[in-house]
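# Report on the structure
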Amino acid sequence: MRLHSSSRFTLRTLAGLCCSLGFAVAFPPSAAGADSVAARSTPAAAGSITGRVQNAVIGRYLPNARIAVKGTDLVALTDEFGAYRLSAVPAGPVVLEVYYTGLDPQQVALT
């Protein structure tokens, strides 16, 4: 996927991971270490993902960005500060799909 400079975002976690994907999504550290999905000790393990979406070009957090877990019906919208929370996320690898009007959609792989 080719990104244009006017639609750049970057992926960052508070634990220090960084990937350049065109948008910024910050994840707080969880009990599982630097991973953003913390598994519970139940047979059908699930966790939550929280973060913020930021336009990396201008540094502004983006309200009303749509965050979805690929392959599920889990969806969240960012608040006025660019923050979101997804609950009941299946344990294991997931792909977040991030959409914001006027910018290229992005996918972010997490474990």
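Reference entry: report on the structure contained in this document. As the structure is a computational prediction, the values presented were derived from the model and not from experiment.

## Here's the deal with the overall build of the chain
- Counting secondary structure elements, the chain contains zero helices and nine strands.
- The order of α-helices and β-strands along the chain, N terminus first, is β-β-β-β-β-β-β-β-β.
- Buried residues in the chain amount to 36% of all 111 residues.
- Considering only contacts in the chain between residues 6 or more positions apart, those separated by 24 or more positions represent 48%.

## Focus on the pairing of strand S9 (residues 106-110)
- The two faces of S9 differ: Gln106, Val108 and Leu110 on one face are buried, but Gln107 and Ala109 on the other face are not.
- By the bridge criterion, five bridges tie strand S8 (residues 94-99) to S9 in an arrangement that is antiparallel. Each bridged residue has a counterpart across the sheet, and for Leu96 the counterpart in S9 is Val108.
- As consecutive antiparallel partners, S8 and S9 are separated by six residues, and within that stretch Gly102 has a phi angle of approximately 90°, a positive value.

## Quick word on the nonpolar core
- In this structure, Ile49, Tyr84, Leu86 and Leu96 are the most contacted members of the largest nonpolar core, which totals 17 residues.
- Mapped onto this core, the elements with two or more residues apiece are strand S4 (46-54), strand S5 (66-69), strand S7 (83-90), S8 and S9.

## Description of the side chain of Glu97
- Here Glu97 is to be found in strand S8.
- Buried and without a salt bridge, Glu97 has Lys70 as its closest oppositely charged side chain, separated by 4.5 Å.
- Of the polar contacts made by the side chain of Glu97, one reaches the side chain of Gln107; its length is 3.3 Å.
- Ignoring any residue separated from it by four or fewer positions in sequence, one finds Glu97 in contact with Arg66, Ile67, Ala68, Lys70, Gln106 and Gln107.

## A closer look at the side chain of Asn55
- For Asn55, the position within the fold is in the loop between S4 and S5.
- A polar side-chain atom of Asn55 sits 2.8 Å from the main-chain amide nitrogen of Val57.

## Topic: the packing of aromatic side chains
- In the structure shown here, the tally under the stated rule is zero aromatic pairs.
- Over the aromatic face of Tyr61 sits the side chain of Arg52, whose NZ or CZ is 3.5 Å from the ring centroid.

## Quick word on the sheet that holds S9
- Taking strand neighbours across the sheet as the criterion, the four strands line up as S6-S5-S8-S9 in an open arrangement whose pairing is antiparallel. Either end of the sheet is taken by a strand with one partner, and the two such strands are strand S6 (75-77) and S9. With direction set aside, neighbouring strand axes in the sheet form an average angle of 20°.
- As paired elements, S5 and S8 share four bridges and run antiparallel to each other. Within S8, the residue paired with Val69 across the bridge is Leu96.

Conventions used here
- The residue numbers shown here count from 1 along each chain, following its written sequence.
- Predicted model: local features are reported for residues with pLDDT of at least 70 only, side-chain atom pairs are reported and counted for 80 or more only, and whole-chain, interface and lining totals are derived from all residues.
- Side-chain descriptors were evaluated using all non-hydrogen atoms of the structure, hydrogens and water having been removed beforehand.
- Only runs of H or I of at least four residues qualify as helices and only runs of E of at least two qualify as strands under DSSP, and these elements are numbered from the N terminus.
- Any residue under 20% of the maximum accessible area for its type is buried, any over 50% is exposed, and the rest in between are partly exposed; the area is computed with a 1.4 Å probe on protein chains only.
- Note on contacts: a residue pair qualifies if any of its non-hydrogen atoms lie within 4.5 Å across the two residues.
- Should DSSP find at least two bridges between two strands, the strands are taken to pair.
- Here, nonpolar core refers to any group of buried Ala, Val, Leu, Ile, Met, Phe, Trp, Tyr and Cys residues whose side-chain atoms link them within 4.5 Å.
- Charge convention: Lys and Arg are scored as positive, Asp and Glu as negative, and His as well as the terminal groups of each chain are ignored.
- Salt bridges, as used here, are contacts in which a Lys or Arg side-chain nitrogen is within 4 Å of a carboxyl oxygen on Asp or Glu.
- Two N or O atoms form a polar contact when they lie within 3.5 Å of each other; inside protein one atom must be a possible hydrogen donor and the other a possible acceptor, and for residues adjacent in sequence the pair counts only when both atoms belong to side chains.
- Put simply, two rings from Phe, Tyr or Trp (the six-membered ring, in Trp's case) pair if the centres are within 6.5 Å, and we call them stacked under 30 degrees between planes, edge-to-face over 60, tilted for the rest.
- Comment: the charge-over-ring label is applied if NZ (Lys) or CZ (Arg) is within 6 Å of the ring centre and within 35 degrees of the ring normal.
- Only the contacting stretch of a helix is used when fitting its axis, a line to C-alpha atoms as for every element, and angles between N-to-C directions run 0 to 180 degrees.

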